[in-house]
Amino acid sequence: MPITVPIAMEPSQDLRTAKPGPDSAVPYDIIRFPVIDWDFRWQRPQQLSRQFAARGHRVFYITTDVVSISKERAARDEVCRYVKFKMVDRNIWLVTLCAHRRLNLYQDQMDDLDIQYLKWSMEHVLAKFAVTSYVNIVDLPFWTPLVTAMNQHNIMYDCMDDHAGFSTNHADVIHQEDLLIQKANVVITSSQVLHQRVRELNPSSILVRNAADVSHFAGWADSAPAELSSITGPVIGYYGAISDWFDIGLIETMARNRPEWTFALIGHTFGCDTSGVEQLPNVLLLGEKPYEELPGYLHRFDCAIIPFVQNNLTQATNPVKLYEYLAAGKPVVSTPLPELTEIASDMVEIADSPGAFEAAVERTLSIEAAQPEAARFRRKFAMSNTWGHRYEMLHRAIVQHIFPKVSIVIVTHNNWSFTRQCLNSLLRKDAYPNMEIIVVDNGSTDQTRVQLAALAQKPVQTVFSPINLGFAEGNSLGASCATGEYLILLNNDTIVPDSTWIPKLIRPFQEHSDIAMTGPMSNHVGNDQALDFFIGDPVQGADPGWLQEFYENYRGRTRETGLLGFFCVAIRRSAFEEIGQLDRHYGIGMFEDDDYCERVKQAGYRMVIVEDAFVYHHGSATIKKLKSQEYQSLWERNKHYYEAKWSKSWQLPKGPLNPFNLSVTPEEVREAADALHPGEKRVLVLGELSWNDESARWQQLVKQLAQRDDCTVIVYTLTYLQHPVVGIRKAGPRLYLTNRIDLFSQVSFDLAVYCGSQQVFEEIHADRYAVDRKCYQVSQFEPLAAKLPEIQLYDEPEASRIVQQSLA
């Protein structure tokens, strides 16, 4: 309910006493990029997926096969038509994506077209099911190029095996694992061996061992399966993969030594030479069995075994079957595995030689009937290690590392139309799933107070002050009510975009403990957070097409700064508590942001601009309403206070970071180009005259070039997403658009690439000229090539290969 602050009340200096914790109601969906198909052997991926689904999270389980679209350049709509969906359980869908080629998850690497088609497929899935906040749980490094290319790559890597230990995994696939570990928001590992290795690359790693569906294995009232019903002697049983890590020699030795024992082996035998046991009458190779039937076989086992060979793969294994064996109360004998020694040495017989293994089995058979309490002890262990427990661990990790609670503080004084627009953008259907919004009204006299009082929806809470406390004190009051791990001070004259802006702003906090504040880029801000090139309007904010291109151009980029604009600033909660509230002596506003940035630096913290985050800003909506003389007086008073406080003169901040911004002649453009990234290559791209939202081949080439850190790219085009390009505009860290090719007549390029333009520009000077043949019809290409001196021809299907070829 709304809170009214009396005039005499001072905002509390003890900012927050409530400590943030995982919120079980945080809504998000799961996209599982698995290592096995849904209908294969029932393991950790399926078990955890079902746990998420049971708690209301929608799960999209990607199949291991893809639809192959072999066309070199299929349209987006065509790709999306072939995406397949199948509902297999409540809240669980199987999804088959499209790629350029048929892909083997264990042997192949995605190329450019594969990634493009797969990304379009995923965007189609997200749109079809209205998925907004989601977590990509990745089981295999193969998926790394796709999940890192997605606009919202909230990644949890479930590292459940030493993938290099599988003979079916190609080395190229394994090499992507380090990148996946580094890019993941959080890595979960299934064993201590994996955990120790992973946390060296990503400190946000958590040990989440396997578990059991106890209710599935604990009780079994039916008779034994037909294959085992007539056996009178002891049954020594195993189920799971019987592959090259399975010690089949151990089984053969025991079976020959103990003909009175029956060895029941359940599972596919691909990769294992079973010829030595196939003729033994007391060894039953029963093949793969459905998950539903396994309890029946398990309850007929007199002793359950884990006979693994000793190698890197098995040493990193935490066997799911251990928990299932114990859930049924069965005695277990195993070869030495670090995980079993760590968690179950008091329940499992561990044997390091064939003789010791046989003796251990014999021992368990002889004493089991005399120790009924042992079976209860095993079941109790399994009851404390269920998949439900593992879900809780994963959910806490997701809330902590991917969706930590964020408190957004908005100070208002009149201007309800702006506030309403800001709140509507915050509360859109794809909003960040774990936030609270605290609106502090500074004595509004328009309809703001009435409208705010009528807001009863979570997560908005309102605080009313009968007087205008000013920007600094209003924000401090809001912060004192906040319970989030991070604060965002947001002007009410802003429009936030999709749900990615918050994760992007808090990402640097999670990666670097010495960063206290971050801020986004914007269309209107008084420092170098201002963009040089923006498409949008005051109604919707950023144009959606422009925003997606902006995200792609600046993906993952930050830069350190000494000044952040407080139209939108994210602050680490612990740092805010240490540094203190904003200085209320600045009154209504102006210079309090400069002041707080100085305090952040003085406290030893860093600040960064998050270049791939964007927030639309109308600009000084409240302060503009002051009369000119009143505004100037406030400016002078606060500037004097700032300079006296910090014993230095205030400096006008830098503007947009476009070195060509004031260049209007070829000479000035040449000077700016010469000072730009010395030592890097300069590439001129002459494509089509319009840059469209349907990514053409020449645009893919531009994007591949612009993602590199060793070249500056100039693109000649007249329109960008149907909007005119005027002058020289900065569209990316090293990407510039221009409609004035004449301004570059004195610039010497390392390479000029024709990839759509049918006009030869004689005023352009380059060391090398190249033509991308695939961008032209034959009738267009031959006349163009005839006019160019010593051209290099590109005929590669992939843009990345052209980039490597052109910059070699």
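Structure: above.
Note that residues are indexed from 1 along each chain, following the sequence as it is written. For this predicted model, a pLDDT threshold of at least 70 governs which residues receive local features, and a threshold of 80 or more governs which side-chain atom pairs are given and counted, while totals over whole chains, interfaces and linings are taken from all residues. Side-chain descriptors were evaluated using all non-hydrogen atoms of the structure, hydrogens and water having been removed beforehand.

Visitor: Can you walk me through the pairing of strand β27 (residues 568–572) in this structure?
Guide: Two faces belong to every sheet, and in a regular strand the side chains alternate between them. Burial analysis of β27 places five of its five residues in the buried class, which makes it a mostly covered element. A two-sided burial pattern is seen for β27, the buried positions comprising C568, A570 and R572 on one face and V569 and I571 on the other. Bridge count for strand β21 (residues 486–490) against β27 is five bridges, and the pairing is antiparallel. Residue pairing in the sheet places L487 in a bridge with I571 of β27. For each residue, the accessible area found with a 1.4 Å probe, counting protein chains only, is set against the maximum for its type, and the residue is called buried under 20%, exposed over 50%, and partly exposed in between. Every helix listed is a DSSP run of H or I at least four residues long, and every strand listed is a run of E at least two residues long, numbered separately from the N terminus. At least two DSSP bridges between two strands are required for those strands to pair.

Visitor: Any chance you could explain helix α1 (residues 44–54) here in plain terms?
Guide: Given 3.6 residues per turn, any residue in an α-helix points the same way as the ones three and four places further on. Of all 11 residues in α1, nine are buried; the element is thus mostly enclosed. Turning to α1, its buried residues number three or more, namely R44, P45, Q46, Q47, L48, S49, Q51, F52 and A53. Once α1 ends, the next one or two residues include G56, with phi positive near 95°.

Visitor: Please clarify how the sheet that holds strand β34 (residues 723–724) should be interpreted in this entry.
Guide: Two modes of strand pairing occur in sheets, parallel and antiparallel, and in both the strands are linked by backbone hydrogen bonds. Spatial strand order, β31-β33-β34: three strands in an open sheet with mixed pairing. The open sheet has two edge strands with one neighbour each: β31 (690–691) and β34. Examined bridge by bridge, strand β33 (residues 719–720) and β34 share two bridges and lie antiparallel to one another. Within the sheet, the bridge partner assigned to T719 lies in β34 and is P724.

Visitor: What exactly am I supposed to notice about helix α21 (residues 501–511) here?
Guide: By the criterion of burial, α21 is predominantly enclosed, with nine of the 11 residues buried. Residues of α21 that are buried: W501, I502, P503, K504, L505, I506, R507, P508 and F509.

Visitor: Quick question: what am I supposed to make of the packing of aromatic side chains here?
Guide: Pairs of aromatic rings are described using the distance from one ring centre to the other and the angle between the two planes. Within 6.5 Å between ring centres, the rings of Phe, Tyr and Trp (the latter by its six-membered ring) count as paired, and their orientation is classed by plane angle as stacked under 30 degrees, edge-to-face over 60, tilted in between. For the structure shown, the criterion picks out 44 aromatic pairs. With a centroid separation of 5.4 Å and an interplanar angle of 70°, the aromatic rings of F591 and W650 are classed as edge-to-face. Highlighted residues: F591 in the loop between α23 (573–579) and α24 (592–602) and W650 in the loop between α25 (628–646) and α26 (666–674), separated in sequence by 59 residues. A relative accessible area of 17% places W650 in the buried class. Seen from their ring centres, W691 and W698 are 5.3 Å apart, and the 80° between their planes marks the pair as edge-to-face. By the burial criterion, W691 is buried, and W698 matches it. Linked through ring pairs, W38, W42, Y61, F217, Y239, Y291 and Y325 together constitute an aromatic cluster.

Visitor: Teacher, can you tell me more about the sheet that holds strand β2 (residues 29–33) here?
Guide: Spatially, β5-β6-β3-β2-β8-β9-β10-β11 is the arrangement adopted by the eight strands of the open sheet, whose pairing is mixed. Looking at which strands have only one partner, the edges of the open sheet turn out to be β5 (84–89) and β11 (205–207). If you compare each strand with its neighbour and ignore which way they point, the axes differ by 25° on average. Note on definitions: a residue-residue contact is assigned when non-hydrogen atoms from the two residues lie within 4.5 Å. Where helices are involved, their axes are fitted lines through C-alpha atoms of the stretch in contact, as for all axes, and angles between N-to-C directions lie from 0 to 180°. Each of β2, β3 (59–62), β5, β6 (92–96), β8 (134–138), β9 (155–159) and β10 (186–189) touches α1; the most contacted strand, β3, lies at about 160° to it.

Visitor: I would appreciate a short explanation of the nonpolar core in the present structure.
Guide: The tendency in soluble globular proteins is for nonpolar side chains to be buried as a group. If you look at the biggest cluster of nonpolar residues, it comprises 171 residues, and the most contacted ones within it are L490 and W501. The dominant element in this core, judged by the number of residues it contributes, is helix α3 (residues 112–128), at eight residues. When residues no more than four places from it in sequence are discounted, the contact partners of W501 are I408, L426, I488, L490, V496, C568, A613, F614 and V615. In this structure, V440, A479, F550 and Y551 belong to the second largest nonpolar core, which totals 97 residues. Residues belong to a common nonpolar core when they are buried Ala, Val, Leu, Ile, Met, Phe, Trp, Tyr or Cys residues joined through side-chain atoms within 4.5 Å.

Visitor: What's the story with the environment of E680 in this structure? I'm lost.
Guide: Residue position: E680 is located in the loop between α26 and β30 (681–686). We classify E680 as buried; its relative accessible area is 18%. Sequence separation of E680 and C711 is 31 residues, and the distance between their C-alpha atoms is 4.9 Å. What E680 contacts, discounting residues up to four positions off in sequence, is D709, D710, C711, T712, R734 and D750. For E680, the side chain forms a polar contact with the side chain of R734, separated by 3.0 Å. For this analysis, a polar contact is any N or O atom pair within 3.5 Å, provided that within protein one partner can donate a hydrogen and the other can accept it, and provided that sequence-adjacent residues contribute only side-chain to side-chain pairs.

Visitor: What is the right way to read the environment of Q792 from this model?
Guide: Position of Q792 relative to the elements: it lies in strand β39 (residues 791–794). The sequence separation of Q792 and N491 amounts to 301 residues, and the corresponding C-alpha distance is 53 Å. Setting aside chain neighbours within four positions, we find Q792 in contact with R768, Y769, A770, V771 and Q805. In terms of polar contacts, Q792 uses its side chain to reach the side chain of R768, at 3.1 Å.

Visitor: Honestly, the pattern of salt bridges in this entry has me stumped. Any pointers?
Guide: Side chains that differ in sign of charge can pair as their charged atoms come close. Put simply, a salt bridge is a Lys or Arg side-chain nitrogen that is within 4 Å of an Asp or Glu carboxyl oxygen. Under the criterion given, the structure shown has 47 salt bridges. In this structure, D158 and R32 form a salt bridge, with 2.8 Å as the shortest nitrogen-oxygen distance. With a gap of 126 residues between them, D158 in strand β9 and R32 in strand β2 connect regions that are remote in the sequence. For D158, a relative accessible area of 0% puts it in the buried group. R55 is the partner of E392 in a salt bridge, and the nearest nitrogen-oxygen pair spans 3.9 Å. Separated by 337 residues along the polypeptide, E392 in helix α17 (residues 387–401) and R55 in the loop between α1 and β3 bring together distant segments of the chain. Residue class for E392 comes out partly exposed when judged on its relative accessible area of 33%. Look at R55 and you get partly exposed, because its relative accessible area is 36%. In this structure, a network of salt bridges that share partners links the residues D528, R557, R559, E611, K654, E680, D709 and R734.

Visitor: Hey, could you run me through the pairing of strand β28 (residues 606–614) in this one?
Guide: Counting buried positions along β28 gives eight out of nine residues, so the element sits mostly inside the fold. Summarising the sheet, strand β23 (residues 515–521) and β28 pair through six bridges and their orientation is parallel. Opposite M521, over in β28, you have F614 as the bridge partner. Relative to β28, strand β26 (residues 558–561) runs antiparallel, the two sharing four bridges. When the bridges of β28 are listed, R559 appears paired with I609.

Visitor: Explain the packing of helix α13 (residues 320–327) against helix α16 (residues 372–383) to me, please; I cannot follow it from the model alone.
Guide: Helix packing for two helices is described by the angle between their axes and how far apart those axes are. Between α13 and α16, whose axes approach to 7 Å, the crossing angle comes to 130°. Regarding the angle of α13 to α16, the classification is oblique. Here α13 runs over α16; the crossing is left-handed. Here α13 contributes Y323, L326 and A327 to the contact with α16, which in turn contributes R378, R379, F381 and A382. Note on residue categories: nonpolar means Ala, Val, Leu, Ile, Met, Phe, Trp, Tyr, Cys or Pro, charged means Asp, Glu, Lys or Arg, and polar means any other residue, Gly included. Its residues assigned to classes, the contact of α13 with α16 shows five nonpolar, no polar and two charged. For this classification, under 35 degrees means roughly parallel, over 145 means roughly antiparallel, 65 to 115 means roughly perpendicular, and everything else is oblique. When the near helix sits turned anticlockwise from the far one by under a right angle, the crossing is termed left-handed; a clockwise turn instead gives a right-handed crossing.

Visitor: I would appreciate a short explanation of the side chain of T412 in the present structure.
Guide: Following the sequence through the fold, T412 ends up in strand β18 (residues 406–412). On the basis of relative accessibility, which here comes to 1%, the residue T412 falls in the buried class. Within polar-contact distance, the side chain of T412 engages the side chain of D441 at 2.7 Å. Each residue touching T412, except ones within four places of it in the same chain, is listed here: T419, V439, V440, D441, N442, S444, T448, L452 and N492.

Without other data, these values stay purely geometric and don't point to any function.
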